[in-house]
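Structure assessment
Here is how the chains run, residue by residue.
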Amino acid sequence: MSACDHPGLIPIDIALADLLAKTPLSTEIESVPVADAVGRVIAEAPQAAVDVPPADNSSMDGYALNIADLNDEGETALSISQRIPAGQAPQPLQAGSCARIFTGAEIPEGADAVVMQEQTRIEGEKVIFPAGVKAQQNIRPRGQDIQQGSVVIKAGTRLQPADLGVLASTGLAEIRVYKPLRVAVLSTGDELIEPGEPLAPGQIYNSNRFLLAGLLRQMGMEVVDLGRVADTAEDTERALRDAADSADVILSTGGVSVGEEDHVKGVVEKLGQLDLWRIKIKPGKPLAYGQVLGKPFFGLPGNPASSLITFCLLARPCLFRQQGAALPAPLEFELPAGFTRTRAIGRQEYMRARYENGVVQPFSNQSSGMLSSASWANGLAVIPPDTTVAEGDLVGFIPLSELLG
Ligand code: AMP
Ligand code: MG
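All values derive from a computational prediction rather than experimental measurement. (Residues numbered from 1 in each chain as written. Chains lettered and ligands numbered in written order. Predicted model: local features only at pLDDT ≥ 70, side-chain atom pairs only at ≥ 80, totals over all residues. Heavy atoms only, no water.)

1. Considering the overall build of the protein
If you tally the helices and strands in the protein, you get 7 helices and 24 strands. The C-alpha extent of the protein, read off along each of the three principal axes, is 95 × 50 × 50 Å. By sequence separation, contacts in the protein at least 24 residues apart represent 69% of the contacts at least 6 residues apart. When the accessible surface of the protein is totalled, it reaches about 19,000 Å², and 50% of it is carbon and sulfur. (Helix = DSSP H or I, 4+ residues; strand = E, 2+ residues; numbered from the N terminus. Contact = heavy atoms within 4.5 Å. Areas by Shrake-Rupley, 256 points an atom, 1.4 Å probe, with all protein chains shown as cover.)

2. What about empty space enclosed by the protein?
In the structure shown here, the tally under the stated rule is 1 cavity of 30 Å³ or more. Of the pockets and cavities examined, the largest cavity occupies roughly 40 Å³. If you trace the largest cavity, you find it lined by Gly39, Arg40, Val41, Arg158, Met219, Gly220, Phe320 and Gln323. For the lining of the largest cavity, the per-class residue count stands at 3 nonpolar, 3 polar and 2 charged. (1 Å grid on protein atoms, 1.4 Å probe; cavity = no way out; pocket = protein on both sides within 12 Å on 5 of 7 lines; lining within 4 Å. Points joined across faces, edges and corners; volume = space filled by probe spheres on them. Nonpolar A, V, L, I, M, F, W, Y, C, P; charged D, E, K, R; others polar.)

3. Concerning the pairing of strand β23 (residues 379-383)
With 5 of its 5 residues buried, β23 lies for the most part within the structure. Burial along β23 is two-sided: Gly379, Ala381 and Ile383 and Leu380 and Val382, pointing in opposite directions, are all buried. The pairing of strand β21 (residues 348-356) with β23 spans 5 bridges and is classified as antiparallel. The residue bridging Met351 from the neighbouring strand is Ala381, located in β23. (Buried < 20%, exposed > 50% of the residue type's maximum accessible area, 1.4 Å probe, protein only. Pairing = 2+ DSSP bridges.)

4. Considering the site of ligand 1
The full set close to ligand 1 counts 16 residues, and Glu191, Asn206, Ser207, Gly255 and Gly302 are the nearest of them. Contact distances for ligand 1 include 2.9 Å between an oxygen atom and a backbone N or O atom of Gly255. Asn303 places a polar main-chain atom, nitrogen or oxygen, 3.1 Å from an oxygen atom of ligand 1. Considering ligand 1 on its own, with 480 Å² of exposed area, one finds that the protein chains cover 76% of that surface. Residue assignment for the shell around ligand 1 shows that the elements contributing at least two residues are β11 (182-188) and β13 (204-205). Of the residues contributing to the shell around ligand 1, the split by class is 4 nonpolar, 11 polar and 1 charged. (Near = heavy atom within 4 Å. Polar contact = N/O pair within 3.5 Å; in protein donor to acceptor, adjacent residues only side chain to side chain.)

5. Structural notes on helix α2 (residues 161-169)
Among the residues of α2, those classed as buried are Asp163, Leu164 and Leu167. The arc that holds every buried residue of α2, seen down its axis, measures 100°, which confines them to one face. When the buried face of α2 is taken as reference, the exposed residues oriented beyond 90 degrees from it are Pro161 and Ala162. In the stretch just after α2, Gly171 is the one whose phi turns positive, near 90°. (Arc of directions from axis to C-beta.)

6. Let's talk about the packing of aromatic side chains
The full count for this structure, using the stated rule, is 5 aromatic pairs. Relative to Phe129, the ring of Tyr63 has its centre 5.8 Å away and its plane inclined at 80°; by these criteria the two rings are edge-to-face. Here Phe129 lies in strand β8 (residues 126-129) and Tyr63 lies in strand β3 (residues 62-65), a separation of 66 residues in the sequence. Side by side, Tyr63 and Phe129 carry an identical accessibility label, which is buried. Following the ring pairs from residue to residue traces out a cluster consisting of Trp277, Tyr289 and Phe298. The ring of Tyr63 carries Arg100 above its face, with NZ or CZ at 5.0 Å from the centroid. Here Arg354 stacks its cationic end above the ring of Trp376, 5.9 Å away from the centre of that ring. (Phe/Tyr/Trp six-rings, centres within 6.5 Å; stacked < 30°, edge-to-face > 60°. Lys NZ or Arg CZ within 6 Å of the ring centre and 35° of its normal.)

Just geometry here; none of it tells us what the structure is for.
What follows is the structure in structure tokens.
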């Protein structure tokens, strides 16, 4: 059953699965220097051109030798036949000798172990080795990290700094990634004015615009900021046409209730197609989803905390999917509640909360108009429908870091 046919409120998992299934995939690909690729999504998986490490090398400062040259019992004295610093190609090991070697230096042909210098002592011209040296000890074998020809990092990966290091270790200078998704952001509401302007009676400052632009930029997406949209059909249509022209996907906030000042629904239906979803979550029950002139459209609730929650839980995974990223579900931990909630509600609640001193503590006021709750929080406490919480109960907790960036 698709989410739209669901009787009553739609459970969030069903809503998300349905939204993901409707999400189109990015096709625009470009090459970028690996150095600039953090946060980008791999479109074509690169194969390793070399083994990493490219040769057997020493993990210690010490001496390379062949254990066949050591006595079975007791110490062995060997003379030093060469010195191999990192970055220099070694000569084959002379039989019956050892090579002075440093961390990262290549193991000479004929050596099969490295003894760390702390386990040796010098007597005259000779190095004295203990018994019990094992074959391959302190040697990092060629290809241990990555094998030549293997897929280094899978397509669909969002590149983290460690990934850039891994790609660089294979000698790759450029990587094929998806072009950043262009996301249009519209803030509907006659009451909205921009920070920096004086506040007249009846007005509030537009906070969603900054919230969404920040969320999107952290995700590595390009924001097409269409600013405030007046509560008229004309302005809404002009802005939505603009958005569909200039972006791959459209986000708006507000204006999707059933009041006569809410024009988004009618205009989206005129330009494309729209479903009004009632999701079984708090905050963020209303969500409009559809398409405008062929571009996916998300109508997020106007209340800033609801906007944030619906964005993070529903829009964000779809935007990453559209961007080509295979995003894992956010990690959710079971942690002890530092609070009691005696009233059960019929929806799954996402409380702005902090995990601190071993317990989860929700913000004192969970009103969807209060964005300071999210600013204070370091995660969301997840309270399933029809559930009460006693202090010390385990509750789901999603760190905000799982939902941002
Ligand atoms: P609406 O869905 O348009 O009825 O908006 C619901 C509530 O969210 C109202 O109190 C609006 O004033 C508020 N709101 C809508 N958009 C914004 C915005 N961009 N910034 C701050 N508050 C907003
Ligand atoms: Mg409004």
